[in-house]
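Working through the structure, step by step
Single-letter residue listing:
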Amino acid sequence: NLNKRANEADYIFLSTFSKEKFNKLNIDESKTWCIGTKNFGINNGIYYNYKGNNYCSQRTSLQGGYLEENDTLKKEWGEKYIDLIDLVINQENTVPVFTPSCKFISQDTRHFTRYGAEYFAYLIENSPDFVLNKNK
């Protein structure tokens, strides 16, 4: 039973879950966070074949709709939103394709590689804005 497991959990992390859906679940909001959307372009094939300078510093635009979805979820969840895009986006609204060690963040532009997950875990861990439990 979802509610039983959720009520026994110390922390609950939901992926891109709207507040409207969440409110129907009857789960303790105080221990729940929403992990934001992520998007690293449309296709990584162009990065495999790039022959120019600064291979590892390539950046990409997000596919249409992802910034808007991210903003909507951020407004809904407030301080309980883990904004992955905001950790890496620049003023031109592009995000990196590679980690600082030149490993793909995502092979399919949606799911993290092991290196991408480690990189974002590092960014979250070192973000002054994210505190898992402010009461401890």
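On to the packing of aromatic side chains, then. Inspection of the entire model under this criterion finds nine aromatic pairs. Here Phe40 and Phe112 contribute two aromatic rings whose centre-to-centre distance is 6.3 Å and whose plane-to-plane angle is 50 degrees, an arrangement assigned as tilted. With Phe40 in the loop between strand S2 (32-35) and helix H3 (45-48) and Phe112 in the loop between strand S5 (94-96) and helix H6 (114-125), this pair connects stretches of sequence that are 72 residues apart. On the basis of relative accessibility, which here comes to 4%, the residue Phe40 falls in the buried class. Overall, Phe112 belongs to the partly exposed group, its relative accessible area being 27%. Between Phe40 and Phe120 the ring centres are 6.1 Å apart and the planes differ by 75 degrees, which places this aromatic pair in the edge-to-face class. Here Phe120 lies in helix H6 and Phe40 lies in the loop between S2 and H3, a separation of 80 residues in the sequence. By the ring-pair criterion, three or more aromatic residues cluster together here, those being Phe40, Phe112, Tyr119 and Phe120.

Our next topic: the nonpolar core. Of all hydrophobic cores here, the largest spans 13 residues; its most connected members are Val88, Tyr119 and Phe120. Residue assignment for this core shows that the elements contributing at least two residues are helix H5 (84-88) and H6. In contact with Val88, not counting residues within four places along its chain, are Arg59, Thr94, Val95, Pro96, Tyr119, Phe120 and Leu123. Counting nine residues, the second-largest nonpolar core is a separate cluster that includes Cys34, Leu73, Trp77 and Tyr81.

Once that is clear, we can look at the sheet that holds strand S1 (residues 12-15). The strand order across the open sheet built from three strands is S1-S2-S4, with neighbouring strands paired in parallel fashion. Two strands lie at the open edges of the sheet, namely S1 and strand S4 (81-82), each paired on one side alone.

The rules behind each value
- Residues numbered from 1 in each chain as written.
- Predicted model: local features only at pLDDT ≥ 70, side-chain atom pairs only at ≥ 80, totals over all residues.
- Heavy atoms only, no water.
- Phe/Tyr/Trp six-rings, centres within 6.5 Å; stacked < 30°, edge-to-face > 60°.
- Helix = DSSP H or I, 4+ residues; strand = E, 2+ residues; numbered from the N terminus.
- Buried < 20%, exposed > 50% of the residue type's maximum accessible area, 1.4 Å probe, protein only.
- Core = buried A, V, L, I, M, F, W, Y, C linked by side-chain atoms within 4.5 Å.
- Contact = heavy atoms within 4.5 Å.
- Pairing = 2+ DSSP bridges.

That is the geometry; function is a separate question.
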